[in-house]
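One-letter residues, chain by chain:
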Amino acid sequence: MASFTNPTTYATGDDLAVTDVNAVAQNTLFLYQRPYAAFYGSIATIIPTATPTQVTLGGTTVNGYGFSVTSNNVIVPITGVYSVSFGVQTGGYGGTGAPYLSAILYHNGSEAIGGAVVPSYTTLPASTGTGIVSCTAGDTLGLWALQTSGVNLTTTVAAAVTFVHAYFVGSR
């Protein structure tokens, strides 16, 4: 598997060392392969009412070329623009009215993209979202949820419904 190395900066007249040429080749291959990952909530997360709550990310469906998860945050491998999709599903709440559930993508601890606002009183409500995020290597992406049902809701443990998917689109 190729890996990305920050390129060496040269001035006119400098000679390229063999190791530098190899690094350029590895970087080219790495960028061609485009880092990608699909992480999901493998442990149920309790979401209290009216309290933004970070969802536990413990499972991996696919992961290539540098992504990782630390403290339930996806760690971005290289600087660039990423396409991100995310979703949260919970068990339903039997009430009526206007209570809702919304998934939220956080970038470096701040809200970046809001998911669909869906009624939380339906059977298995699910909120999803997608967008583009400009990141620096080492940035974090976190999956959060907010609901206003008046009772605690619990996330569904399944890769298809409680997840963060991200892939490298290109440089910024």
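Everything quoted here is computed from the prediction, not taken from an experiment. (Residues numbered from 1 in each chain as written. Predicted model: local features only at pLDDT ≥ 70, side-chain atom pairs only at ≥ 80, totals over all residues. Heavy atoms only, no water.)

### Structural notes on the nonpolar core
Rules: As used in this record, nonpolar core signifies buried Ala, Val, Leu, Ile, Met, Phe, Trp, Tyr and Cys residues forming a set joined through side-chain atoms within 4.5 Å. Each residue gets one of three labels from its accessible area relative to the maximum for its type: buried under 20%, exposed over 50%, partly exposed in between, using a 1.4 Å probe on protein chains only. For helices the rule is a DSSP run of H or I covering at least 4 residues; for strands it is a run of E covering at least 2, with both sets numbered from the N terminus onward. We call two residues in contact when some of their heavy atoms are within 4.5 Å.
Formed by 26 residues in total, the largest nonpolar core has its most connected members in Tyr82, Val84, Phe86, Leu141 and Leu143. Of all the secondary-structure elements, those providing two or more residues to this core are strand S1 (36-40), strand S7 (80-89), strand S8 (100-107), strand S9 (110-119), strand S10 (126-135), strand S11 (140-147) and strand S13 (163-170). With four residues, the single largest contributor to this core is S7. Excluding residues within four positions of it along the chain, Tyr82 makes contact with Phe67, Val76, Pro77, Gly131, Ile132, Val133, Cys135, Tyr167, Phe168 and Val169.

### A closer look at a nonpolar patch on the surface
Operational definition: Without a salt bridge and with relative accessible area above 30%, a residue can belong to a patch; like charges are then joined within 9 Å and nonpolar side chains (Val, Leu, Ile, Met, Phe, Trp, Tyr) within 5 Å. All accessibility values rest on the Shrake-Rupley procedure with a 1.4 Å probe; residue burial counts only the protein chains present in the view. Think of a salt bridge as a Lys or Arg side-chain nitrogen and an Asp or Glu carboxyl oxygen that are within 4 Å of each other.
A surface patch of nonpolar side chains, amounting to about 440 Å² of accessible area, comprises Tyr36, Val62, Ile132, Tyr167 and Val169. Mapped onto the fold, Val169 is located in strand S13.

### Observations regarding the sheet that holds S10
To keep things clear, this is the line we draw: Between any two strands, pairing holds if DSSP finds at least two bridges. Whenever a helix is involved, its axis is fitted only over the stretch in contact; in every case the axis is a line through C-alpha atoms, and angles between N-to-C directions fall within 0 to 180 degrees.
Strand order in the open sheet formed by five strands is S4-S1-S13-S7-S10, with antiparallel pairing between adjacent strands. Here the strands that pair on one side only, and so sit at the sheet edges, are strand S4 (59-64) and S10. Each strand axis lies, on average, 10° off the axis of its neighbour in the sheet, ignoring direction. Pairing geometry for S1 and S13, over five bridges, is antiparallel. Residue Ala37 lies in a different strand from S13, and its bridge partner there is Ala166.

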